[in-house]
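Structural description and commentary
Residue strings, one per chain:
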Amino acid sequence: MPKVFSRPKSLKDIPFHYCPGCTHGIVHRLVAEVIDEMECFDKAIAVAPVGCAVFAYDYFDCDAFQAAHGRAPAVATGIKRVLPDRLVFTYQGDGDLAAIGTGEVVHAAARGENFTVIFINNAIYAMTGGQMAPTTLLGQKTTTTPYGRDRQVNGCPVRMCEMLAVLDGTAYVARVSVHNPANVNKAKKAIRRAFEVQMAGLGFSIVEVLSACPTNWGLSPLEALQWLEQNMIPYYPLGEFKVPAEEGGGQNV
Ligand SMILES: Cc1ncc(C[n+]2csc(CCOP(=O)(O)OP(=O)(O)O)c2C)c(N)n1
Ligand code: SF4
């Protein structure tokens, strides 16, 4: 029988600590598959976040660095400047990237630092028990917004891709989702494109991945994927917001 699937070489053969139905595992696999396919196994350097993916360095079978909360883009900047031929990527949640690390990511993008950010948007601070994140939707209940996020009190959710795409330093900006197989495939294409943009030396690239947190959303894994599709995608539209100029502008993925 032909073999149709196997563990990517760039992913260690150990079980994830993630909750059942968590999409962090899917995204890890996609990143590892792309590293394998681009034959960057010996070149990849991951920068792990603070958050549920804090142990990412235990899963990716490549060199890795653990950054303080939000500081992954600053750490990646240093690594990539010293080792410009490496494939450097950060892997960050929305609390990490869009709250405590806002300054780091905005300025790394504005400087056009030549690394890739994999941005996991699950609309919540997951690891610490489900507090409101900058990406929490209006009306969404969290432990710190028990009656739902209120625009007057809590402000509006931040669309990071739209914000970063207008900066001159960004080369590739895309938002994808992993709520069904077709979108998982599109997510992989976007991650590959971001890595290719980096390896071509074109500048800062980011792929935002709409992700599910069944545990803190209080939903079953299946319900969480449906909630993501029905509630997150209308506010966070999928697509490529910026591609390198020579590729002729944005298009939907
Ligand atoms: C400076 C600092 N402040 C707060 C924390 C506590 N902390 C650890 S993980 C986390 C939330 C991470 O949420 P997110 O980045 O959205 O990742 P997720 O857990 O959702 O994957 C926080 C606030 C910390 N470790 N360091
Ligand atoms: S708490 Fe949420 S984001 Fe964290 S591992 Fe569990 S399901 Fe995933």
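Our subject in this report is the structure included herewith. (Residues numbered from 1 in each chain as written. Chains lettered and ligands numbered in written order. Predicted model: local features only at pLDDT ≥ 70, side-chain atom pairs only at ≥ 80, totals over all residues. Heavy atoms only, no water.)

1. Re the overall build of the chain
Looking only at helices and strands, the chain has 10 helices and seven strands in total. Relative to a compact globule of 253 residues, whose C-alpha radius of gyration would be 18 Å, the chain shows 17 Å and is just as compact. Each principal axis of the C-alpha distribution contributes one length, and for the chain these read about 50 × 50 × 35 Å. The buried share among the 253 residues of the chain stands at 51%. For the chain, the exposed surface amounts to about 11000 Å²; the carbon and sulfur share of it is 56%. Distance from the positive charge centre (22 side chains) to the negative charge centre (24 side chains) of the chain: 2 Å. (Helix = DSSP H or I, 4+ residues; strand = E, 2+ residues; numbered from the N terminus. Rg over C-alpha atoms; globule rule 2.2 N^0.38 Å. Buried < 20%, exposed > 50% of the residue type's maximum accessible area, 1.4 Å probe, protein only. Areas by Shrake-Rupley, 256 points an atom, 1.4 Å probe, with all protein chains shown as cover. Lys, Arg positive; Asp, Glu negative; His and termini not counted. Charge placed at Lys NZ, Arg CZ, Asp CG, Glu CD.)

2. As for the layout of surface pockets
Counted as a void, the largest pocket has a volume near 220 Å³. Taken together, 19 residues form the lining of the largest pocket, with V50, G51, C52, A126 and M127 sitting closest to its centre. If you tally residues by element for the lining of the largest pocket, the top one is helix α4 (residues 94-100), at three residues. Partitioned by chemical class, the residues of the lining of the largest pocket number nine nonpolar, eight polar and two charged. For the second largest pocket, the calculated volume is near 170 Å³. What lines the second largest pocket is a set of 13 residues, among which C19, C52, A126, C213 and T215 lie closest to the centre. (1 Å grid on protein atoms, 1.4 Å probe; cavity = no way out; pocket = protein on both sides within 12 Å on 5 of 7 lines; lining within 4 Å. Points joined across faces, edges and corners; volume = space filled by probe spheres on them. Nonpolar A, V, L, I, M, F, W, Y, C, P; charged D, E, K, R; others polar.)

3. With respect to the site of ligand 2
Taken together, Y18, C19, C22, H24, C52, N122, A126, C213, P214, T215 and N216 make up all the residues around ligand 2. Its atoms largely coinciding with the cavity grid, ligand 2 occupies the second largest pocket. (Near = heavy atom within 4 Å. Sits in = over half its atoms within 2 Å of the grid points.)

4. Details of the pattern of salt bridges
Considering all chains together, one arrives at 13 salt bridges under this definition. With its nearest N and O atoms 2.6 Å apart, the salt bridge here joins R175 to E162. Of this pair, R175 sits in strand β5 (residues 170-177) while E162 is found in helix α7 (residues 160-165), placing the two residues 13 residues apart along the sequence. Exposure remark for R175: the relative accessible area of 0% places this residue in the buried category. We classify E162 as partly exposed; its relative accessible area is 24%. The residue R192 makes a salt bridge to E196 at a minimum N-O spacing of 2.8 Å. Taken together, the residues span about one helical turn, with R192 and E196 both in helix α8 (residues 181-199) at a distance of four residues. For E196, a relative accessible area of 37% corresponds to the partly exposed category. Among the charged side chains, a salt-bridge network with shared partners connects R29, E33, E37, K188, R192 and E196. (Salt bridge = Lys/Arg side-chain N within 4 Å of Asp/Glu carboxyl O.)

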